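As a plain string of letters, each chain reads:
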Amino acid sequence: MAHPPDDSSDLTFCEFIETAKSSRKGLKLDFKSLESVKPCLNFLNKIDLELPVILNADIFQGDNSPSVKIDADIFVHTCISEYPRGILSLGWTTRPCSHAIYSRENVRQAADFCRKFNIKNFHFAVRLTWSTRSIQNLLHLHHLTNCSFTIWSHDNDQLSSKETLLLFRHFFAKQYLFYDLPPKLISYLNENKNECKSILLKSSDGLIRSYF
């Protein structure tokens, strides 16, 4: 078990699951290679795991971003056939960039893919710094697919302001939002979740002001 830039650790998948079983939260498994998908799902089928499990992989290429390493069709087919109770989470490869966006072409590609597999209960994993500049396109994606979003961020991602995180609570119903964020951003979100609109309207952040 590891996450880029690390590619190894002393924690095995089995040990991770045994530790996580006592959690009250769901699990997100972020696959970086196809070879690891089926063995992990087979292990999950052998244990009594009551937690919801999100199965995530970057199967689309983001604009000006690294190439995709996981075949989209094979990943989705394997997840659906081997662990149908899992929640699919489909993402794009990205790069650190404060001005990148999820484009209308990204939205079209993703919506077409979901129609191809007739996927119902699924998430799109979107990078916070990209998605704050893509609210209208992501709203369109939600309209086309009725998807949920898992919003993620690295510790060193540069936001124009923490207030931009509140844009999602304003534009999307909370049942469609899930978060995989550094603790400081989760704390900010929890502290201000009931004051989103007033904070956004008072903000001097140019990005936020462009939405109002």
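Structure: above.
Let us look at the structure shown here. Predicted, not measured: the structure shown is a model, and the values here were computed from it.

Criteria and thresholds
Sequence order sets the numbering: in each chain, residues are counted from 1 along the sequence as written. Residues qualify for local features only when their pLDDT is at least 70, as the model is predicted, and side-chain atom pairs are given and counted only at 80 or more; totals for whole chains, interfaces and linings, by contrast, use all residues. To get the side-chain values, all heavy atoms of the structure are used, and hydrogens and water are removed first. Secondary structure elements are defined from DSSP: runs of H or I of at least 4 residues count as helices, runs of E of at least 2 residues count as strands, and each element is numbered from the N terminus. Note on classification: 1.4 Å probe, protein chains only; a residue is buried when its accessible area is under 20% of the maximum for its type, exposed when over 50%, partly exposed between these limits. Pairs of residues are marked as contacts when any of their non-hydrogen atoms sit within 4.5 Å. Residue-level accessible areas treat just the shown protein chains as cover; the underlying method is Shrake-Rupley with a 1.4 Å probe. Just so you know, the count uses Lys and Arg for positive and Asp and Glu for negative, and it drops His and the chain ends. A charged residue contributes its charge at one atom only: NZ of Lys, CZ of Arg, CG of Asp or CD of Glu. The axes used here are C-alpha line fits, helices contributing only the stretch in contact, and every angle between their N-to-C directions lies in the interval 0 to 180 degrees. An angle counts as roughly parallel when it lies under 35 degrees, as roughly antiparallel when it exceeds 145, as roughly perpendicular when it falls between 65 and 115, and as oblique in every other case. Helix crossings are classified by the rotation of the near helix relative to the far one: an anticlockwise turn of less than a right angle makes the crossing left-handed, while a clockwise turn makes it right-handed. Side-chain classes are defined by residue name, with Ala, Val, Leu, Ile, Met, Phe, Trp, Tyr, Cys and Pro counting as nonpolar, Asp, Glu, Lys and Arg as charged, and the others, Gly among them, as polar. Here the expected length of a helix is defined as 1.5 Å per residue gap, with one fewer gap than residues. Relevant arc is that of directions from the helix axis to the C-beta atoms, nothing else. Whenever a carboxyl oxygen of Asp or Glu lies within 4 Å of a side-chain nitrogen of Lys or Arg, that contact is scored as a salt bridge. At least two DSSP bridges between two strands are needed for those strands to be called paired. Here the term right-handed applies to a crossover when the path leading from its first strand over the helix to its second strand runs clockwise, the strands being oriented away from the viewer. Criterion for a disulfide: a pair of cysteine sulfur atoms at a distance within 2.5 Å.

**Some details on the overall build of the chain**
At step 1: Across its full length, the chain carries 10 helices and six strands.
At step 2: Overall, the chain is about 50 × 35 × 30 Å in size when its C-alpha atoms are taken along their principal axes.
At step 3: The proportion of buried residues among the 212 residues of the chain is 46%.
At step 4: Considering only intrachain contacts with a sequence separation of at least 6, the fraction spanning at least 24 residues in the chain is 78%.
At step 5: As presented, the chain carries roughly 11500 Å² of accessible surface, and 49% of it is formed by carbon and sulfur atoms.
At step 6: Taking the average place of the 25 positive charges on the side chains of the chain and the average place of its 23 negative ones, the gap between the two points comes to 8 Å.

**Digging into the packing of helix α2 (residues 37-46) against helix α3 (residues 72-82)**
At step 1: Taken N-terminus to C-terminus, the directions of α2 and α3 make an angle of 15°; their axes are 10 Å apart at the nearest point. Judged by the angle between their axes, α2 and α3 are roughly parallel. Regarding α2 and α3, the two cross each other, and that crossing is right-handed. From α2, Val37, Lys38, Leu41, Asn42 and Asn45 reach across to α3, where they touch Phe75, Thr78, Cys79 and Glu82.
At step 2: Among the residues forming the contact of α2 with α3, the class breakdown is four nonpolar, three polar and two charged.

**A short note on the environment of Asp48**
At step 1: Tracing the chain through its elements places Asp48 in the loop between α2 and β2 (53-61).
At step 2: The sequence separation of Asp48 and Lys21 amounts to 27 residues, and the corresponding C-alpha distance is 9.0 Å.

**As for helix α4 (residues 104-117)**
At step 1: Between its terminal C-alpha atoms α4 stretches 20 Å, which fits the 20 Å expected from 14 residues at 1.5 Å a residue.
At step 2: All of the buried residues in α4 are Asn106, Val107, Ala110, Ala111, Phe113 and Cys114. Buried positions in α4, seen along its axis, are confined to an arc of 160° and lie on one side of it. Seen from the open side of α4, the exposed residues pointing more than 90 degrees away from its buried face are Arg115 and Lys116.
At step 3: In the segment just after α4, Asn118 is the residue with positive phi, at about 55°.

**Some details on the pattern of salt bridges**
At step 1: For the structure shown, the criterion picks out eight salt bridges.
At step 2: The partner of Lys28 in a salt bridge is Asp180, and the shortest N-O contact between them spans 2.9 Å. Highlighted residues: Lys28 in strand β1 (residues 27-30) and Asp180 in strand β6 (residues 177-180), separated in sequence by 152 residues.
At step 3: Overall, Lys28 belongs to the partly exposed group, its relative accessible area being 24%.
At step 4: Between Asp73 and Lys116 there is a salt bridge, with its nearest N and O atoms 2.6 Å apart. On the criterion of sequence distance, the pair formed by Asp73 in helix α3 and Lys116 in helix α4 is long-range, its members being 43 residues apart.
At step 5: Here Lys116 falls in the exposed class, since its relative accessible area comes to 54%.
At step 6: Members of the salt-bridge network, linked through shared partners, are Glu105, Arg108, Asp112 and Arg115.

**Some words on the pairing of β2**
The side chains of a regular strand alternate between both faces of the sheet.
At step 1: Of all nine residues in β2, seven are buried; the element is thus mostly enclosed.
At step 2: As paired elements, β1 and β2 share four bridges and run parallel to each other. Residue Asp30 lies in a different strand from β2, and its bridge partner there is Asn56.
At step 3: Viewed along the sheet, the connection from β1 through α2 into β2 turns out right-handed.
At step 4: Across seven bridges, β2 lies against strand β3 (residues 87-93) in parallel orientation. The partner of Asp58 across the bridge, within β3, is Gly91.
At step 5: Viewed along the sheet, the connection from β2 through α3 into β3 turns out right-handed.

**Looking at the state of the cysteines**
At step 1: Evaluated as defined, the whole model comprises zero disulfides.
At step 2: Cysteine Cys40 shares no disulfide, and the gap to the nearest cysteine sulfur, in Cys14, comes to 8.2 Å.
At step 3: Residue class for Cys40 comes out buried when judged on its relative accessible area of 12%.
At step 4: Cysteine Cys147 is unpaired, with the sulfur of Cys114 as its nearest cysteine sulfur at 7.6 Å.
At step 5: Its relative accessible area of 0% is what places Cys147 among the buried residues.

Any link to function would need more than the numbers given here.
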